[in-house]
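Results of the structural survey
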Amino acid sequence: MTPSLYYCTQQCLFCWRAQSGDLQVTWDEMKNPNKDTPEEIVEGCLRAQERIISGYKGNEKTDWRKFQEALRPSQVAISLTGEPTLYEPLGELIRMFHQRGLTTFLVSNGTLPSKLSKLSQEPTQLYISVCAPNEQVYKRVCRPQFPNAWSKLNETLGLLQSFRCPTVTRMTLVKEHNMDLVDEYAKLVEKANPTYIETKAYMHIGFSNLRLGFDSMPTYKEVRAFAEQLSEKTGYGVIDEAPESRVVLLSRLKKPIQVGVK
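Read on for a plain summary of the structure. (Residues numbered from 1 in each chain as written. Predicted model: local features only at pLDDT ≥ 70, side-chain atom pairs only at ≥ 80, totals over all residues. Heavy atoms only, no water.)

1. Some thoughts on the nonpolar core
Within soluble globular proteins, side chains that are nonpolar tend to cluster in buried spots. In terms of nonpolar packing, the biggest core is built from 41 residues, with Phe-14, Leu-90, Leu-106, Leu-126 and Ile-128 touching the most fellow members. At the level of elements, helix H1 (38-53), strand S1 (75-78), helix H3 (90-99), strand S3 (125-129), helix H5 (135-141), helix H6 (149-159) and helix H7 (182-192) are the ones that each hand at least two residues to this core. When residues in this core are grouped by element, the largest group, five residues, is from H3. The residues contacting Leu-90, other than those within four sequence positions of it, are Ile-78, Pro-84, Thr-85, Leu-106 and Leu-119. Counting 16 residues, the second-largest nonpolar core is a separate cluster that includes Met-171, Tyr-185, Val-223 and Phe-226. (Core = buried A, V, L, I, M, F, W, Y, C linked by side-chain atoms within 4.5 Å. Buried < 20%, exposed > 50% of the residue type's maximum accessible area, 1.4 Å probe, protein only. Helix = DSSP H or I, 4+ residues; strand = E, 2+ residues; numbered from the N terminus. Contact = heavy atoms within 4.5 Å.)

Here is the structure:
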């Protein structure tokens, strides 16, 4: 889910959301007008989950145990699209999800470090998107909407070690755009010292089709090769992978932390 559906501090080439101008409509993406309270958002998410799976009631092949589990979600990923730190009461939203017994994975592009440092409630796990090795590539691929966004992202990377929760630097890889200069990516990892590094392929879906071609998607083999190079430079080892999703997970841990497992 996201509290910032059409609002973000970046206009990434690989993003699938509708960006200002895509539909011959423009708006200020830096000003999130969402006035829904955290309570309204939490209740709305749970109602939406019930609605999404309601059709399975009429399917004779439905596994009813799994259906009942799906009625009681245990995890919320605040990562669908947009920049969630543009939603002012984000910490309170996270707290309310935790009160309902859900774990929270928060994904941010890291351009608003002051918002992250002042969160009233940490998420269960924090992801920061690091989709460029340097400022030149960052401006071309992530297309920030204010001038010092690269320095702000680096400020966020310097803050990561102050979080108590597990942290992740997530790299969305776009073929022939941001898969070079592994040495420079390694320096950013060294600065952040995250619990995990997640390398994943760009997917040619949604409005990204207006900006990138099908061939911009790296294969799993190419993502794995990038991850292995990064592993050599950082000392992080591959601890998990999903070839069908073109994702590789690296860490200094021997296996992932199983958060929320009872």
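2. Notes on helix H8 (residues 220-234)
For H8, with 15 residues, the first-to-last C-alpha span of 21 Å sits near the 21 Å given by 1.5 Å per residue. If you check which residues of H8 are buried, you get Val-223, Phe-226, Ala-227, Leu-230, Ser-231 and Thr-234. Here the buried residues of H8 occupy an arc of 145° about the axis, which is enough to place them on one side. Opposite its buried face, H8 presents the exposed residues Lys-221 and Glu-232, each directed more than 90 degrees away. Elements that come into contact with the buried residues of H8 comprise strand S4 (167-173), H7, strand S5 (196-201), strand S6 (237-242) and strand S7 (247-251). (Expected span 1.5 Å × (residues − 1). Arc of directions from axis to C-beta.)

3. Side note on the packing of aromatic side chains
One pass over the full model with this rule turns up five aromatic pairs. On the basis of an interplanar angle of 75° and a centroid distance of 5.4 Å, the ring pair of Trp-64 and Phe-67 is categorised as edge-to-face. Linking Trp-64 with Phe-67, this pair stays in helix H2 (residues 64-71), spanning three residues, or about one helical turn. Residue classification places Trp-64 among the partly exposed residues on the basis of a relative accessible area of 43%. The exposure class of Phe-67 is buried, given its relative accessible area of 6%. (Phe/Tyr/Trp six-rings, centres within 6.5 Å; stacked < 30°, edge-to-face > 60°.)

4. Brief notes about the packing of H6 against H7
Between H6 and H7, the shortest axis-to-axis distance is 7 Å and the interhelical angle comes to 50°. With respect to their mutual orientation, H6 and H7 come out oblique. The residues of H7 that touch H6, namely those facing Trp-150, Asn-154, Leu-157 and Gly-158, are Leu-188, Lys-191 and Ala-192. A class-by-class count of the residues in the contact of H6 with H7 yields four nonpolar, two polar and one charged. (Axes fitted to C-alpha atoms, helices over the stretch in contact; angles between N-to-C directions. Parallel < 35°, antiparallel > 145°, perpendicular 65-115°, else oblique. Nonpolar A, V, L, I, M, F, W, Y, C, P; charged D, E, K, R; others polar.)

5. What about the sheet that holds S3?
Here we have seven strands laid out as an open sheet, ordered S1-S2-S3-S4-S5-S7-S6, and mixed in their pairing. Of all strands in the sheet, those with a lone pairing partner are S1 and S6, marking the two edges. Averaged over all pairs of adjacent strands, the angle between their axes in this sheet comes to 20°, without regard to strand direction. The pairing of S1 with strand S2 (residues 103-108) spans four bridges and is classified as parallel. Across the sheet, Gln-75 pairs through a bridge with Thr-103, a residue of S2. Most of the contacts of H8 go to S5, to which it runs at about 155°, and overall it touches S4, S5, S6 and S7. (Pairing = 2+ DSSP bridges.)

6. Things to note about the side chain of Gln-11
You can see Gln-11 is positioned in the segment before H1. Exposure remark for Gln-11: the relative accessible area of 18% places this residue in the buried category. A polar side-chain atom of Gln-11 sits 3.1 Å from a polar atom in the side chain of Glu-29. Aside from chain neighbours lying at most four places away, what touches Gln-11 is Arg-17, Gln-19, Ser-20, Glu-29, Val-141, Cys-142, Arg-143 and Gln-145. (Polar contact = N/O pair within 3.5 Å; in protein donor to acceptor, adjacent residues only side chain to side chain.)

7. Re the pattern of salt bridges
Between side chains of opposite charge, a pair can form as their charged atoms come close. A complete count under the given rule lists 13 salt bridges for this structure. Note that Glu-222 and Lys-175 form a salt bridge whose closest N and O atoms lie 3.0 Å from each other. One end of the pair, Glu-222, is in helix H8; the other, Lys-175, is in the loop between S4 and H7, and 47 residues separate them in sequence. Across the pair Asp-183 and Lys-233 runs a salt bridge whose closest N-O atoms are separated by 3.1 Å. Taken together, the residues Asp-183 in helix H7 and Lys-233 in helix H8 connect sequence positions 50 residues apart. (Salt bridge = Lys/Arg side-chain N within 4 Å of Asp/Glu carboxyl O.)

8. Thoughts on the pairing of S7
Across the five residues that make up S7, a large majority, five, are buried. Covered by surrounding structure in S7 are Val-247, Leu-249 and Ser-251 together with Val-248 and Leu-250, the residues of both alternating faces. In the sheet, S5 pairs with S7 via five bridges, with the strands oriented antiparallel. Considered in S7, the bridge of Ile-197 is made with Leu-250. Relative to S7, S6 is paired through five bridges, and the arrangement is antiparallel. By the bridge assignment, Gly-237 is partnered in S7 with Ser-251.

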